[in-house]
Amino acid sequence: MSEKDPSPDALQSRRRILMGLSLAPLAAALPGVHAADKAAPGAGGSSFAGADDPRRYTPSFFKDTEWAFIQAACDRLIPADDTGPGAVESGVPAFLDKHMQTPYAAGAIWYMQGPFLEAPAEFGYQGKLTLRDIIRVGIDAMDAHCRKTYAGKTFAQLDTAMQEDLLTQAESGKLKLEGISSKLFFSNFLNEVKNGYFADPKYGGNRNMGAWKMIGYPGMRADYIDWIGVRDKAYPLPPVDLSGKRG
Amino acid sequence: MATVKPKVDAVIVGMGWTGAILAKELTDAGLHVVALERGADRDTQPDFAYPKVVDELEGSVHRRFLQSLGQETVTIRHTGDATAVPYRQMGSFKPGTGVGGAGTHWSGCHFRPLPEDMRFRSNVEQRYGKKFIPDDMTIEDFPVSYDELEPHLDMFERVCGTAGKAGVLNGVVQAGGNPFEGSRSREYPLPPNPDYLGSEMFYKGAKEMGWHPYPIPASNASAPYINPYGCQMGPCNACGFCSDYGCLNYSKASPNACILPVLRRRGNFELRANSQVLKVNLDSTKKKATGVTYLDAEGKEVEQPADIVLLCAFQLFNVHLMLVSGIGTPYDPETNTGTIGRNYSYQNLNRVVLFFDKSVQANPFIGIGGAGATMDDLNGNQLDNGKAGFVGGGLVWARQPGAGPVRGINVPAGTPNWGSKWKQAVADNFRHSFYFEVQGACMSYRQNYLSLDPTYRDGFGRPLLRMTFDWQANEINASQFFVDQALKMGRTLNPLSILGDAKKDGEHYNITKYQSTHTCGGATMGNNPATSALNRYLQSWDVPNVFAIGANAFPQNNGYNPTGLVGGLAYWAAAAIREKYLKDPGPLVQA
């Protein structure tokens, strides 16, 4: 399955196939989308139905080419499947775009003075790139590698099996990239994707608390004294987010 | 030119537990006290208010309540012949900053030392002979006994509203407590918190092993409580945001909740937040401190003269201040001389994770930081170190400070890190797994020490503190022994699978992996000024109007969390200053 610049429709049809639900309407297959499409005008802060559709987000940090990489990589790292929502429909790309613009991603709480010496892995990150530079330089290097190796195609234009293979190689550090360690890039990128997937929806990901529902996390209830001694039943309440919205 | 402020009786560097305790005790004695805190001021309202505080991304990723490493950090190397590199991203340990310090974001485990912990070297020598201690192991006795400290340990528990069950009360063993503890003069101020599933199962497994489980003493209030200072604490509601977070509920003991409400009303107490102390100023004899120099919130240099200087920063930064100020002689591992930086030690923390099927409702999002269950059957004199082949005890505990998905979800061995199989494992295991921690003592060695780094500087132009530390064979053997015991115990509970992370032979210290904030030593208390920086009252041998109060004073770390002993030592030092030093300023112990 090779496709150029996967459109939302293409992603949707792939998900339907993956989920064995090609005959069911998409909205029924994906609880999050279902809720958004059914939302009355003005509900949940949206001015019109589908306003919080993560595919409509316009990035302000990432360039279009980087954005295509992010969509594809997020879909490989946390795909939509029977277990729960995927990273893309959860809004993780939007989370990444917003998170890259925080002081944290600019290295505010990291010690960033030189000299930058090489040290064994036990000493942690010793480079001079901040988090957002690791992500940006890494994406550009991944795409440069793909264009060189696969006849001008970017990562997002490769088929899913090839994308998965490249990510696996980056995870182990076997993939040689220009200017950055593939392992460093991958570990930071994966970590950010998971942060976006599981953090409070206010940060742009975890749309409709889908990731919390998947694992049975009650979110920000922060009061469990009445349940601490219960042994024979699963915790019964759905999640609540920082804005007080219930899942 | 620095602005010079009017002289005060005492200046305190750092407003964590020890700073707050000393400020309370010395203002009680009528002294005019100024406290300088490098971080921001903060309090339960509004800084820890629900719901904003229970935000995992902000608390555990952006580390809102912890120290930023942007301006101040340490450098680390494994051996003295290597070049150290900076601790650039927080991993292994998490120093605090801001009013409350690490006392804001701790979990609440509040142990007393065992009597034998306080006479550590003598006890090992008596039991196993002098030759049992390796030549490079520089362990010492604490120069204060458990009995001398008992009233001060008790006071700290009263202030914290510690929840627990006495095991030995005035020499009589009590059912339900730790039968091996030192005798207590009083019961804990509050009864233990309720057990969650993991601690209930710990009791079951521990009994199978023949151990004597007891509730972890926890400074997480189990009921409404008013401490001796009149500060009110609310019962913990198990919110699950203890470690890394300020307490939303006035339940977890902290300087913010338990002491500062009183201090803030006092006319003879002044708190200056956003005040970065650069050095202790000494007079021309180098035997007397004249005060401190700090940068105020605007970055302007200010000199605060004072009769007494109390170093109450986090352990590492107390040592750093002594080194950059020229107090005492830096430790030299080649000649084994000098005292500042000597006897650095850490904690030997390991973990065992148990995975169950979906009928087991572990609910890891429920959390009471310090609560749970532990045992002392492998700690202190209950452990036969001669047979085990290493020095130092340890314990296994069930503790659930609260987990959420951003902080990480445990998955069984062999699970991929991403993709559908990872998702499935996360969904299957989040609510049905829990962990036991395995915490061991950490000895001090000639080759593990603190010094100033020759290359890297902090944001204020000072050399960074350099940590030379690696795991030694003794601690690796201990890790394997304790984790093995925990695995045996865990298996009696019939989990689907179990993971242990004992250190492997030859394994090096890894700064990326969290392994407790219990860094210790570097400016230790002792009876011999040739081998200790401080006397038994935590007073500098070299500059007697400087006291350095905190875990920097530990000659080695015992099996427990340090906070209970740190608080007890703070009250002990405060009593010495009030009752002895103020009457006759000068050295409290003749060298």
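Residues numbered from 1 in each chain as written. Chains lettered and ligands numbered in written order. Predicted model: local features only at pLDDT ≥ 70, side-chain atom pairs only at ≥ 80, totals over all residues. Heavy atoms only, no water.

**With respect to the overall build of chain B**
Counting its regular elements, chain B contains 15 helices and 24 strands. A globule of 591 residues ought to have a C-alpha radius of gyration of about 25 Å, and chain B, at 23 Å, matches this closely. Put simply, chain B has 591 residues, and 66% of those count as buried. If you take every contact in chain B between residues at least 6 apart in sequence, the share linking residues at least 24 apart comes to 75%. When the accessible surface of chain B is summed, it comes to about 18,900 Å², and 50% of that surface belongs to carbon and sulfur atoms. Charged side chains in chain B number 55 positive and 56 negative. The centres of these two groups are separated by 2 Å. (Helix = DSSP H or I, 4+ residues; strand = E, 2+ residues; numbered from the N terminus. Rg over C-alpha atoms; globule rule 2.2 N^0.38 Å. Buried < 20%, exposed > 50% of the residue type's maximum accessible area, 1.4 Å probe, protein only. Contact = heavy atoms within 4.5 Å. Areas by Shrake-Rupley, 256 points an atom, 1.4 Å probe, with all protein chains shown as cover. Lys, Arg positive; Asp, Glu negative; His and termini not counted. Charge placed at Lys NZ, Arg CZ, Asp CG, Glu CD.)

**Description of the state of the cysteines**
Residues and elements named next belong to chain B. Tallied over the full model, the rule gives 0 disulfides over all chains. Take Cys-247: it sits in no disulfide, and the sulfur closest to it among the cysteines is that of Cys-242, at 6.3 Å. Residue Cys-247 is classed as buried on the basis of its relative accessible area of 15%. (Disulfide = S-S within 2.5 Å.)

**Thoughts on the confidence of the model for chain B**
Residue-level pLDDT values for chain B average 97, and 100% of them are 70 or greater. Reported confidences for the modelled complex are a pTM of 0.93 and an ipTM of 0.96. (pLDDT = per-residue confidence, 0-100.)

**Overview of helix H7 (residues 160-172) of chain A**
Note: α-helices contain 3.6 residues per turn, so residues at a spacing of three or four share the same orientation. All names here are of chain A. Along its 13 residues, H7 runs 19 Å from first to last C-alpha, staying within 8% of the 18 Å computed at 1.5 Å per residue. Buried within H7 are the following residues: Gln-163, Leu-166, Leu-167 and Ala-170. Down the axis of H7, the buried set is contained in an arc of 100°. They therefore lie on one face. Those residues of H7 hidden inside the fold are in contact with helix H4 (64-77), helix H6 (131-149) and helix H8 (182-198). N-capping of H7 is provided by Asp-159, with a side-chain oxygen placed 3.1 Å from the backbone N of Ala-161. Immediately beyond the C-terminal end of H7, within one or two residues, lies Gly-173, with a positive phi of roughly 85°. (Expected span 1.5 Å × (residues − 1). Arc of directions from axis to C-beta. Polar contact = N/O pair within 3.5 Å; in protein donor to acceptor, adjacent residues only side chain to side chain.)

**Things to note about the packing of H4(A) against H7(A)**
Residues and elements named next belong to chain A. Between H4 and H7, whose axes approach to 10 Å, the crossing angle comes to 80°. Classed by the angle they form, the pair H4 and H7 counts as roughly perpendicular. Every residue of H7 that contacts H4 at Ala-72, Ala-73, Arg-76 and Leu-77 is listed here: Thr-160, Gln-163, Glu-164 and Leu-167. When the residues that make up the contact of H4 with H7 are grouped by side-chain class, the tally is 4 nonpolar, 2 polar and 2 charged. (Axes fitted to C-alpha atoms, helices over the stretch in contact; angles between N-to-C directions. Parallel < 35°, antiparallel > 145°, perpendicular 65-115°, else oblique. Nonpolar A, V, L, I, M, F, W, Y, C, P; charged D, E, K, R; others polar.)

**Description of the sheet that holds strand S20 (residues 449-457) of chain B**
Each strand in a sheet pairs with another by means of backbone hydrogen bonds, the pair being arranged parallel or else antiparallel. Residue and element names in this part refer to chain B. Reading across from one edge, S5-S4-S21-S20 is the order of the 4 strands in this open sheet, with mixed pairing throughout. The sheet is open, and its two borders are formed by strand S5 (85-86) and S20, each paired with just one other strand. Summarising the sheet, strand S4 (residues 74-77) and S5 pair through 2 bridges and their orientation is antiparallel. Within S5, the residue paired with Ile-76 across the bridge is Val-85. (Pairing = 2+ DSSP bridges.)

**Examining the interface of chain A and chain B**
Facing 64 residues of chain A, the contacting portion of chain B comprises 65 residues. Counting the surface lost from both chain A and chain B, the interface buries some 5,400 Å², and carbon and sulfur atoms represent 62% of this. Of all residues in chain A, Tyr111(A), Phe123(A) and Arg231(A) bury the most surface against chain B, accounting for 16% of the area lost on that side. For the pair chain A and chain B, the number of links is 3 salt bridges. With a closest N to O distance of 3.5 Å, Asp55(B) and Lys202(A) form a salt bridge. (Buried area = accessible area lost by both parts, 1.4 Å probe. Salt bridge = Lys/Arg side-chain N within 4 Å of Asp/Glu carboxyl O.)

**With respect to the environment of Thr519(B)**
Residue and element names in this part refer to chain B. When you line up the elements, Thr-519 lands in the loop between strand S22 (497-500) and strand S23 (520-522). Residue class for Thr-519 comes out buried when judged on its relative accessible area of 2%. Residues within four places of Thr-519 in sequence aside, it is in contact with Phe-93, Phe-314, Gln-315, Leu-316, Tyr-344, Ser-345, Tyr-346 and Ala-551. A distance of 2.5 Å separates the side chain of Thr-519 from the side chain of Gln-315, its partner in a polar contact.

**Section: helix H11 (residues 315-325) of chain B**
Here H11(B) lies mainly inside the structure; 10 of its 11 residues are buried. Burial in H11(B) covers these residues: Gln315(B), Leu316(B), Phe317(B), Asn318(B), Val319(B), His320(B), Leu321(B), Met322(B), Leu323(B) and Ser325(B).

**Digging into the pattern of salt bridges**
Residues and elements named next belong to chain B. A full pass over the atoms with the stated rule returns 35 salt bridges over all chains. Residue Asp-307 is joined to Lys-7 by a salt bridge in which the shortest nitrogen-to-oxygen separation is 2.8 Å. Of this pair, Asp-307 sits in strand S14 (residues 301-311) while Lys-7 is found in the loop between strand S1 (3-4) and strand S2 (8-13), placing the two residues 300 residues apart along the sequence. Here Lys-7 falls in the exposed class, since its relative accessible area comes to 52%. Measuring nitrogen to oxygen at the nearest pair gives 2.8 Å for the salt bridge that ties Glu-157 to Arg-112. Placement of the pair is Glu-157 in helix H7 (residues 146-160) and Arg-112 in the loop between helix H4 (102-105) and helix H5 (115-118), with a sequence separation of 45 residues. Since its relative accessible area comes to 0%, Glu-157 is described here as buried. Through salt bridges with shared partners, a single ionic network connects Lys-24, Glu-25, Asp-28, Arg-266 and Arg-578.

**A few points about unusual backbone geometry**
Residue and element names in this part refer to chain B. Residue Pro-46 follows Gln-45 across a cis peptide bond; omega there is 5°. Relative to the helices and strands, Pro-46 resides in helix H2 (residues 44-47). Residues Tyr-50 and Pro-51 are joined by a peptide bond in cis, for which omega reads 5°. Examined against the element boundaries, Pro-51 turns out to sit in the loop between H2 and helix H3 (56-61). For Asn-170, which is not a glycine, the phi torsion comes out positive at approximately 45°. Structurally, Asn-170 can be placed in the loop between strand S6 (168-169) and strand S7 (172-173).

**Remarks on the sheet that holds strand S16 (residues 348-355) of chain B**
Residue and element names in this part refer to chain B. Read across the open sheet, the 6 strands follow the order S8-S17-S18-S19-S16-S22; overall the sheet is antiparallel. Only two strands of the sheet have a single neighbouring strand rather than two, namely strand S8 (214-215) and S22. Taken together, the 4 bridges between S16 and S22 define a ladder with antiparallel strand orientation. Following the sheet pairing, Phe-355 is matched in S22 by Ser-497. Packing of helix H8 (residues 197-208) onto the sheet brings it into contact with S8, strand S17 (372-374), strand S18 (394-399) and strand S19 (433-440), and relative to S17 it is tilted by some 25°.

**Topic: the packing of aromatic side chains**
For the structure shown, the criterion picks out 49 aromatic pairs over all chains. A ring pair is formed by Phe69(A) and Phe185(A), whose centres lie 6.0 Å apart and whose planes are at 55°; its orientation type is tilted. With a gap of 116 residues between them, Phe69(A) in helix H4 and Phe185(A) in helix H8 connect regions that are remote in the sequence. The pair formed by Phe69(A) and Phe185(A) is uniform in burial state, with each residue classed as buried. On the numbers, 5.4 Å between centres and 50° between planes, the contact of Phe434(B) with Phe436(B) is tilted. One aromatic cluster is present, formed by Trp212(A), Tyr217(A), Tyr224(A), Trp227(A), Tyr235(A), Phe365(B) and Phe430(B) through successive ring pairs. For the cation-ring pair, Arg184(B) lies above Tyr188(B), with the distance from its terminal atom to the ring centre recorded as 3.7 Å. Its end group placed over the ring of Tyr435(B), Arg351(B) keeps NZ or CZ at 3.7 Å from the ring centre. (Phe/Tyr/Trp six-rings, centres within 6.5 Å; stacked < 30°, edge-to-face > 60°. Lys NZ or Arg CZ within 6 Å of the ring centre and 35° of its normal.)

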